[in-house]
Amino acid sequence: MNKPFVAILMGSDSDLPVVESAMDIFKKLSVSFEVKITSAHRTPEQTQAYVQSAEERGCAVFIAAAGMAAHLAGAVAANTLKPVIGIPIDAGPLKGQDSLLSTVQMPAGIPVATVAIGKAGAKNAAYLAAQILSLSDEELAKRVKQERADQAQAVIEKDAKLQQSLKS
Ligand code: RP5
């Protein structure tokens, strides 16, 4: 059987610069993923069909990125029992606050794990998806743990550099 993968959906190609931050994390952690442009509003039938097809092909976690009245993550969650992570995109005059509320305020029974607006959220969506897959993949769990250690080391090194520059 193929390894489970993550399906990343985005409402428009204009969301891609943010979604690329999640893709970069998956490449770094060697997590398999697919990327699909499909919209809850503009292509509702294709969105539903894609979710069903991805699940049949082994998708274990869905990530949905959308801006404005961002219903993509909710529309995905309505069609699957796999975990769904929503990334609110800053795509309009309300700077992503509209997407944040549209994504996070799901009615009880249809959960969407909503992350921060924009690139930090996209990165965290990828880390969270990797942590979910890690529950049944020990090798991935090791890579996720190492990534955390690398992040900590980077902070320590930045502080050491700062302290050094203050002395000189
Ligand atoms: C949403 O509307 C998309 O996810 C995007 O963030 C926003 C604007 O889409 P475009 O008009 O740029 O295609 O559905």
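As shown above, the structure is provided for reference.
Anyway, here's the lowdown on the structure attached to this text. (Residues numbered from 1 in each chain as written. Predicted model: local features only at pLDDT ≥ 70, side-chain atom pairs only at ≥ 80, totals over all residues. Heavy atoms only, no water.)

## Observations concerning the sheet that holds strand β4 (residues 84-89)
Phase 1 of the analysis: Ordered in space as β2-β1-β3-β4-β5, the 5 strands form an open sheet in which the pairing is parallel. Only two strands of the sheet have a single partner each, and these edge strands are β2 (33-37) and β5 (113-114).
Phase 2 of the analysis: Here 6 bridges tie strand β1 (residues 5-10) to strand β3 (residues 59-67), and the two strands are oriented parallel to one another. Bridging across to β3, V6 finds its partner in V61.
Phase 3 of the analysis: In the packing of helix α1 (residues 16-29) onto the sheet, the strands contacted are β1, β2, β3 and β4, and the crossing angle to β1 comes to about 170°.
Phase 4 of the analysis: Its contacts with the sheet place helix α2 (residues 44-56) against β1, β2 and β3, and it is angled at close to 170° to β1. (Pairing = 2+ DSSP bridges. Helix = DSSP H or I, 4+ residues; strand = E, 2+ residues; numbered from the N terminus. Contact = heavy atoms within 4.5 Å. Axes fitted to C-alpha atoms, helices over the stretch in contact; angles between N-to-C directions.)

## Comments concerning the environment of A78
Phase 1 of the analysis: Among the secondary structure elements, A78 is positioned in the loop between α3 (72-77) and β4.
Phase 2 of the analysis: Take A78: its relative accessible area is 55%, and that puts it in the exposed class.
Phase 3 of the analysis: The sequence separation of A78 and G67 amounts to 11 residues, and the corresponding C-alpha distance is 18 Å. (Buried < 20%, exposed > 50% of the residue type's maximum accessible area, 1.4 Å probe, protein only.)

## Quick look at the side chain of S12
Phase 1 of the analysis: One can find S12 in the loop between β1 and α1.
Phase 2 of the analysis: Of the polar contacts made by the side chain of S12, one reaches the side chain of S14; its length is 3.0 Å.
Phase 3 of the analysis: Here S12 is in contact with I37 and R42, once residues within four sequence places are set aside. (Polar contact = N/O pair within 3.5 Å; in protein donor to acceptor, adjacent residues only side chain to side chain.)

## What about the environment of V84?
Phase 1 of the analysis: You can see V84 is positioned in strand β4.
Phase 2 of the analysis: For V84, a relative accessible area of 4% gives the class buried.
Phase 3 of the analysis: Taking C-alpha positions, V84 is 4.8 Å from F62, a pair spaced 22 residues apart along the chain.
Phase 4 of the analysis: Not counting the four nearest positions on each side in its chain, V84 is found in contact with F62, A73, V76, A77, P111, V112 and A113.

## Some points on the nonpolar core
Phase 1 of the analysis: If you look at the biggest cluster of nonpolar residues, it comprises 27 residues, and the most contacted ones within it are V6, F26, L29, V31, I63 and I87.
Phase 2 of the analysis: Residue assignment for this core shows that the elements contributing at least two residues are β1, α1, β3, β4, α5 (119-134) and α6 (138-167).
Phase 3 of the analysis: Formed by 18 residues, the second largest nonpolar core is a distinct cluster that contains A7, L72, A73 and V76. (Core = buried A, V, L, I, M, F, W, Y, C linked by side-chain atoms within 4.5 Å.)

## Notes on α1
Phase 1 of the analysis: In a regular helix each residue adds 1.5 Å, so 14 residues correspond to 20 Å; α1 covers 20 Å between its end C-alpha atoms and thus fits that length.
Phase 2 of the analysis: All buried positions along α1 are accounted for by V18, V19, S21, A22, M23, I25, F26 and L29.
Phase 3 of the analysis: Buried residues in α1 make contact with β1, β2, β3, β4, α5 and α6.
Phase 4 of the analysis: At the C-terminal side of α1, S30 shows a positive phi close to 55°. (Expected span 1.5 Å × (residues − 1).)

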